[in-house]
Amino acid sequence: MIDNEQEPTVNQSKNSQEAKSNTQVLPQLSLPPALSVKQLADLLKVSAIEVIKQLMREGVMVNINQVLDFDTAAVIATHFGYKAEKQPISVQTKPSETGKGKGGKLFPRPPVVTIMGHVDHGKTSLLDAIRQSNVIATEAGAITQHIGAYQVEIDGRKITFLDTPGHEAFTTMRARGAQATDIAILVVAADDGVMPQTVEAINHARAAEVPVVVAINKIDKANANSDKVKQQLADSGLIIEEWGGDTVCVSISAKKRQGINVLLENLLLVADILELRAELDCPAEGVVIEAKLDKTKGPLATLLVQKGTLKPGDNLVIGNTWGKVKAMFNERGKQIKKAKPSTPVEALGINSVPQAGDSFIVARDEREARTLAEKHKDAQHEFVTSGKTLSLSDLSTQIDAGEVKELNIVLKTDVQGSIEPIKDSLEQLGDDKIKVKVIHSGSGRITESDVLLALASEAVIIGFNSRPEPGAQRLAELERVSIRYYDVIYKLVQDVDKALKGMLEPTYVEVIEGQAEVLAIFGSRKGENIAGVSVKEGKVRRGASARILRRGESIHESHVSSLKRFKEDVKEVSTGLECGVKIENFTDFQVGDVIQCYRQEKVT
Ligand code: GDP
């Protein structure tokens, strides 16, 4: 990971605007030696997706949080009309003042909608109901295939639905830098009310700044209580229009197919407010919704076009693969010749299976597509470990660098009752420079969904008497999402406060790497004793910190000075194997002693 030490600034000589128009001198953009994709996007006043796509064209595969070196950032800045400089210049201005803003004419595009909500509240039933509703049984024919997304038509206008319900899929895509959704439908069962995953879905949509339309489902049931649901939604911060808020709410029965048209009409109203537009006459760009390997057709990918028009024969770069679109089909099994923005198509002709959430672009020709894809592959190795996430211990550096203005927190507690006091105390911290925002809170263990949300929203996870599920722990380690654990509220709040003020001392925890039991002792010619051991757990590593435990008591601490297997020096020995170990400044081994190897890790 590259540390970012300098604050990025945009600098432009006073007359550079004129200079640009007269002599084609590009405005200058002063960049630090390293900055994240998001930070660069903010400076360039374009979306992170635009930056990611341009990076793809340059052969660099990154996600939104990853850090770019100056040279890479400079190339991207040039594309967006700037000349990047490492040294700051004195006069400041905003990139939006530089007269850039090229791009073609924008046309209205259909909204892309995701369905979220608690398990069993009827997400799948609603997707089915919309799919089969009369509204869509137009001359286009019935939906015959699952390709991961489908379009329906109402009043001559289209709506695109992503066919994988749930906020996990939504946030997974977002964590990969792709935001495909314009509107989220929040399904709440009228007989069950707001449940933990309902709240989670609200928070995930909110973190992504995606508007929510509520569908109160199962109104056909005898014990349906819509008013109670509305009250609970208000308690969760979603005030519906009927109650003076701005959240659209529709009562439906997915099972009885009631209220579906009204829901669709309301989605169009919300879409109108959002003024969704995209360019049509440019090479297509978009995102992979789903991909699979078909036994007969080969790799298949459902692509959601977000800009431009996709056509058969287009040469695609998708993630680190490429291909030429042989044919495209819609969800009705119909071959189509053009896919405009917000249209999902299943494309044939890709060389290997991409990942959901991968971006795609159209290259100039086959050669360029192949070269770019190859470059992505190589670049992926370099960038795989350069992901930048937020951590409390270096928060103040990031605040000083202007990288964070809000400390996002995902809070998990053992019991519901602890949430409010902790949340209240946390949200009172901060000052003009930085605010604390609890973007999601809930009781129970820390889940994969929490980690994804933290990843997508650059948040820190705080577990108060709550530990992660094993999958969540692995994901957090892999993506380097910071999780901190507390069991005293005072300490938790104090640490966050200290972190905001840059006063949080790094703390270290001991991680046991492995344990080995002494089976025999051998004397060496130099008079040093070598312990013949069997590794019982983890591994023993040459150079590792080690302690000797005798009947559970530590009798010596130093490090492994020599490690041999069959007289060969080795770096490490794993569980189940035997080896010879020397411990620095220790010769007094006894059979039955345990050698414990450990390391100190900084808590982030
Ligand atoms: P999901 O887990 O949110 O995708 O929920 P499902 O769509 O699988 O629905 C869960 C259960 O609720 C199923 O047994 C559905 O038949 C039932 N269900 C869904 N919508 C309705 C509805 O409007 N009315 C009634 N009575 N049952 C429904």
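Residues numbered from 1 in each chain as written. Predicted model: local features only at pLDDT ≥ 70, side-chain atom pairs only at ≥ 80, totals over all residues. Heavy atoms only, no water.

(A) Summary view of the side chain of His556. Structurally, His556 is set in strand 27 (residues 553–565). There is a polar contact of 3.0 Å between the side chain of His556 and the side chain of Ser558. Polar contacts involving the side chain of His556 include one to the main-chain carbonyl oxygen of Glu584, which spans 3.0 Å. Residues contacting His556, with those up to four places away along its chain left out, are Ala546, Arg547, Ile548, Ile583, Glu584, Asn585 and Phe586. (Helix = DSSP H or I, 4+ residues; strand = E, 2+ residues; numbered from the N terminus. Polar contact = N/O pair within 3.5 Å; in protein donor to acceptor, adjacent residues only side chain to side chain. Contact = heavy atoms within 4.5 Å.)

(B) Representation of the nonpolar core within the structure. Leu126, Ile130, Ile159, Phe161, Ile185, Leu264 and Leu267 are the most contacted members of the largest nonpolar core, which totals 29 residues. Broken down by secondary-structure element, the contributors of at least two residues to this core are strand 7 (112–117), helix 5 (123–132), strand 8 (149–154), strand 9 (157–162), strand 10 (183–189), strand 11 (212–217), strand 12 (248–251) and helix 9 (260–274). Per element, the largest residue contribution to this core is seven residues, and it comes from helix 9. (Core = buried A, V, L, I, M, F, W, Y, C linked by side-chain atoms within 4.5 Å. Buried < 20%, exposed > 50% of the residue type's maximum accessible area, 1.4 Å probe, protein only.)

(C) Looking closely at unusual backbone geometry. One non-glycine residue, Asn465, lies in positive phi territory at about 50 degrees. Here Asn465 lies in the loop between strand 22 (459–464) and helix 14 (470–479). Even without glycine at this site, Asn585 takes up a positive phi of about 60 degrees. Asn585 sits in the exposed class, given a relative accessible area of 67%.

(D) Structural detail: the pairing of strand 14 (residues 285–294). For strand 14 and strand 15 (residues 298–307), the ladder comprises nine bridges, and the chain directions are antiparallel. For Val288, the partnering residue across the bridge sits in strand 15 and is Leu303. In textbook terms, the turn of a hairpin is the stretch between consecutive antiparallel strands, and for strand 14 and strand 15 this stretch comprises three residues. Across three bridges, the pairing between strand 14 and strand 19 (residues 359–363) is antiparallel. Note that in strand 19 the partner of Gly286 across the bridge is Phe360. (Pairing = 2+ DSSP bridges.)

(E) Representation of a positive patch on the surface. Taken together, the side chains of Lys158, Lys311, Lys334, Lys338 and Lys340 present a region of like positive charge at the surface. In this fold, Lys334 is placed in the loop between strand 17 (321–329) and strand 18 (344–350). (Patch = residues over 30% accessible without salt bridge, like charges linked within 9 Å, V, L, I, M, F, W, Y side chains within 5 Å. Areas by Shrake-Rupley, 256 points an atom, 1.4 Å probe, with all protein chains shown as cover. Salt bridge = Lys/Arg side-chain N within 4 Å of Asp/Glu carboxyl O. Lys, Arg positive; Asp, Glu negative; His and termini not counted. Charge placed at Lys NZ, Arg CZ, Asp CG, Glu CD.)

(F) Local environment of helix 8 (residues 226–235). All buried positions along helix 8 are accounted for by Ser226, Val229, Lys230, Leu233 and Ala234. Within helix 8, the buried residues cover an arc of 140 degrees as seen down the axis, which keeps them to one side. Looking at the buried side of helix 8, the elements it contacts are strand 10, helix 7 (196–207), strand 11 and strand 12. At the C-terminal side of helix 8, Gly237 shows a positive phi close to 95 degrees. (Arc of directions from axis to C-beta.)

(G) Spotlight on the site of the ligand. As a matter of local geometry, the ligand sits amid 15 residues, with Asp120, Lys123, Thr124, Ser125 and Asp220 nearest to it. In the model, an oxygen atom of the ligand is placed 3.3 Å from a nitrogen or oxygen of the His121 main chain. Note that an oxygen atom of the ligand is positioned 2.8 Å from one of the backbone N or O atoms of Lys123. The protein chains hide 74% of the 580 Å² of surface that the ligand would expose on its own. Partitioned by chemical class, the residues of the shell around the ligand number two nonpolar, seven polar and six charged. (Near = heavy atom within 4 Å. Nonpolar A, V, L, I, M, F, W, Y, C, P; charged D, E, K, R; others polar.)

(H) Structural detail: the packing of helix 3 (residues 48–57) against helix 4 (residues 70–79). At a closest axis distance of 10 Å, the pairing of helix 3 and helix 4 adopts a crossing angle of 110 degrees. Looking at the two axes, helix 3 sits roughly perpendicular to helix 4. Of helix 4, the residues touching helix 3 (which contributes Val51, Gln54 and Leu55) are Thr72, Ile76 and His79. For the contact of helix 3 with helix 4, a count of residues per class yields three nonpolar, three polar and no charged. (Axes fitted to C-alpha atoms, helices over the stretch in contact; angles between N-to-C directions. Parallel < 35°, antiparallel > 145°, perpendicular 65-115°, else oblique.)

(I) Examining the sheet that holds strand 15 more closely. Ordered in space as 14-15-18-17-16-19, the six strands form a closed barrel in which the pairing is antiparallel. Taken over all neighbouring pairs, the strand axes of this sheet differ in orientation by 45 degrees on average, direction set aside. Packed onto the sheet, helix 3 meets strand 14, strand 15, strand 16 (315–318) and strand 19 and runs at close to 50 degrees relative to strand 19.

(J) Local environment of the pattern of salt bridges. Applying the stated criterion across every chain yields a total of 23 salt bridges. Residue Asp191 pairs with Lys221 through a salt bridge whose shortest N-O separation is 3.0 Å. Placement of Asp191 in the loop between strand 10 and helix 7 and of Lys221 in the loop between strand 11 and helix 8 is noted, with a sequence separation of 30 residues between them. Its salt-bridge partner being Arg547, residue Glu557 comes within 3.0 Å of it at the nearest N-O pair. Taken together, the residues Glu557 in strand 27 and Arg547 in strand 26 (residues 545–550) connect sequence positions 10 residues apart. Shared partners join several salt bridges into a network, and the residues in it are Glu513, Arg541, Arg599 and Glu601.

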